[in-house]
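Structure assessment
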Amino acid sequence: MSTTLPPTAPSAPEPTGGSTAETLLRVREYSIGGALLLLILVTWLANPAFLDRQGVEDLLLNSAILVLLATGQSVVVLTRNIDLSVGSVVGLTAFACGSFVSGTDRGPLSLVLLGIALGAACGFLSGALVSFGRVPALVVTLGMLYVIQGVGHAWAHGEQINAATVPDSVLTLGSGSVLGIPWLPLLSALVLAATGYFLRTYRSGRELYAIGSHPEAARLAGIPVRRRVLAAYVFSGAVAGFAGALWLARFGTVVADAANGWELTVVSAVVVGGIAITGGVGTVWGAALGALLLTTIGSALIVLKVDSFWEQAITGVLLLAAISTDRVVSSRSTRALRKRRRQ
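Along each chain, the written sequence defines residue order, and numbers are assigned to residues from 1. Local features are withheld for residues below a pLDDT of 70 in this predicted model, meaning they are given only at 70 or higher, and side-chain atom pairs are given and counted only at 80 or more; totals for whole chains, interfaces and linings count all residues. Based on all heavy atoms of the structure, the side-chain values leave hydrogens and waters out of the count.

What the protein chain contains, in helices and strands, is 13 helices and 2 strands. Approximately 16800 Å² of the protein chain is accessible, and the part contributed by carbon and sulfur atoms is 65%. For the purposes of this entry, the term helix denotes a DSSP run of H or I that reaches at least four residues, the term strand denotes a run of E that reaches at least two, and both are numbered from the N terminus. Residue-level accessible areas treat just the shown protein chains as cover; the underlying method is Shrake-Rupley with a 1.4 Å probe.

Structure, rendered in structure tokens:
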């Protein structure tokens, strides 16, 4: 009597997919890095003060929070979803953390823990509706954006947190440094490195790529798609909450709508950095490069005394170019796969 063995569930694919897609992706990340270096060089030639100690420190501080948000957003976009509520989460958690420490001697640790907890709760609500409620991510997170903004405005009543009432230990987190490196970019780099290591090394991290590549195939392979998507949203919310706590430490004075409008900037950084908007392709390192590039463009235009309108125009051009590149990568990968099947 013959016995039919059940098919073995395929393992989660490597993050960058096939060799063609991987090669194109690496070329793209290198090109982003090259464009970033070229931009820095041109700006430095125009104004050498751009790369003095204060200029480099300002550039790192200005990009730290955006890199942090791009890291959290990357995990969601890899699963073929999106989180448009990260900017409002930053504003709410910044104001909540400010209210928590204002006029007290509470330290940075309690501040950070509160921000992460509030952000994770917001991410859990969005993730539950997307993964278990099966509501489109665009609708859920856009709705959460307005809900969180409404809660923030109702809570603040137009008031703001003043730096004078924030403990010095908290402000030191935003302006201090260790071994000459400011705390904010150092913390962002640690979160970025830990996330990149997790996505590359752990099975559950590689499964996020499988979900983004083909959700139904991932489900048939035994991957817990709903739980993984929920976890991605919780992580993105927690990182946004952490960014909100750092926002308070960085600026001291905050209002409930801090980081308003950052949602599209974060998504642009992720897509420009090489993570396909359709999911399954890219790395957090590329997203970080995208965030650095967008931040440097803004700083360079100020140094070069160019109208700030061009920052949005350049960002739009980069976004369109990135999406077009994604289509080229997808088309070439599909043709290569069909060719292998015919052979």
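Now, onward.
A few words now on the pattern of salt bridges. Salt bridge, as applied in this entry: a Lys or Arg side-chain nitrogen positioned within 4 Å of an Asp or Glu carboxyl oxygen. Taken as a whole and assessed by the stated rule, the structure comprises 3 salt bridges. With a closest N to O distance of 2.8 Å, Arg228 and Glu207 form a salt bridge. Of the two residues, Arg228 is situated in helix H10 (residues 225–251) and Glu207 in helix H8 (residues 203–213); the sequence distance between them amounts to 21 residues. Type-normalised accessible area, obtained with a 1.4 Å probe on protein chains alone, sets the label of each residue: buried when under 20%, exposed when over 50%, and partly exposed for intermediate values. For Arg228, a relative accessible area of 23% translates into the label partly exposed. Its salt-bridge partner being Glu216, residue Arg219 comes within 2.7 Å of it at the nearest N-O pair. Placement of the pair is Arg219 and Glu216 together in helix H9 (residues 215–220), with a separation of 3 residues, close to one helical turn.

With 86% of its residues at a pLDDT of 70 or more, the protein chain has an overall mean of 84. Per residue, pLDDT captures the predictor's confidence, and it can take any value from 0 to 100. Should any heavy atoms of two residues lie within 4.5 Å, those residues are counted as being in contact. Of the regions scoring below 50 in pLDDT, residues 1–19 engages in 23 contacts with residues more than four places distant in sequence or in other chains.

Tracing the backbone shows Thr79 in the loop between helix H2 (53–78) and helix H3 (86–101). A distance of 3.1 Å separates polar atoms of two side chains, one belonging to Thr79 and the other to Asn81. Excluding residues within four positions of it along the chain, Thr79 makes contact with Leu208, Ile211, Gly212, Val229 and Ala232. Under the rule applied, a polar contact is a pair of N or O atoms within 3.5 Å (in protein, one hydrogen donor and one hydrogen acceptor; residues adjacent in sequence only if both atoms are side-chain atoms).

Let us now look at the side chain of Glu207. By relative accessible area, which is 5% here, Glu207 ends up buried. Engagement of the side chain of Glu207 in a polar contact is seen with the side chain of Arg228, the distance being 2.8 Å.

Turning our eyes to something else, we now look at H10. Multiplying 1.5 Å by the helix residue count minus one yields the expected span of that helix. With 27 residues, H10 ought to run about 39 Å at 1.5 Å a step, and its terminal C-alpha atoms sit 39 Å apart, in line with that. Burial analysis of H10 places 19 of its 27 residues in the buried class, the great majority of the element. In the segment just after H10, Gly252 is the residue with positive phi, at about 75°.

Let's shift gears to the packing of helix H7 (residues 183–201) against H10. Axes are the key here: two packed helices are described by the angle between their axes and the distance separating the axes. H10 packs onto H7 with a crossing angle of 170° between their chain directions and a minimal axis gap of 11 Å. With respect to their mutual orientation, H7 and H10 come out roughly antiparallel. Mapping the contact onto sequence places Leu184, Leu187, Val191 and Thr195 in H7 and Phe235, Phe242, Leu246 and Arg250 in H10. Residues are grouped as follows: nonpolar covers Ala, Val, Leu, Ile, Met, Phe, Trp, Tyr, Cys and Pro; charged covers Asp, Glu, Lys and Arg; every other residue, Gly included, is treated as polar. Its residues assigned to classes, the contact of H7 with H10 comprises 6 nonpolar, 1 polar and 1 charged. To obtain an axis, a line is fitted to C-alpha atoms, over the contacting stretch when the element is a helix, and the angle between two such axes runs from 0 to 180 degrees between their N-to-C directions. Geometric relationships in this document are graded by angle, where less than 35 degrees denotes roughly parallel, more than 145 denotes roughly antiparallel, 65 to 115 denotes roughly perpendicular, and other angles denote oblique.

To continue, consider the layout of surface pockets. A volume near 470 Å³ is recorded for the second largest pocket. Together, 18 residues line the second largest pocket, and Leu66, Thr265, Leu294, Glu311 and Thr315 are the ones closest to its centre. Among the secondary structure elements, those contributing two or more residues to the lining of the second largest pocket are H2, helix H11 (262–272), helix H12 (284–303) and helix H13 (309–342). If one sorts the elements of the lining of the second largest pocket by residue count, H11 sits on top with 5 residues. Of the residues that constitute the lining of the second largest pocket, the class distribution is 8 nonpolar, 9 polar and 1 charged. Points on a 1 Å grid over protein atoms alone make up a cavity when a 1.4 Å probe fits among them but cannot get out, and a pocket when they form an open set with protein on both sides within 12 Å along at least five of seven lines; lining residues each have an atom within 4 Å of a point. Grid points are joined across faces, edges and corners, and a volume is the space filled by probe spheres set on the points.

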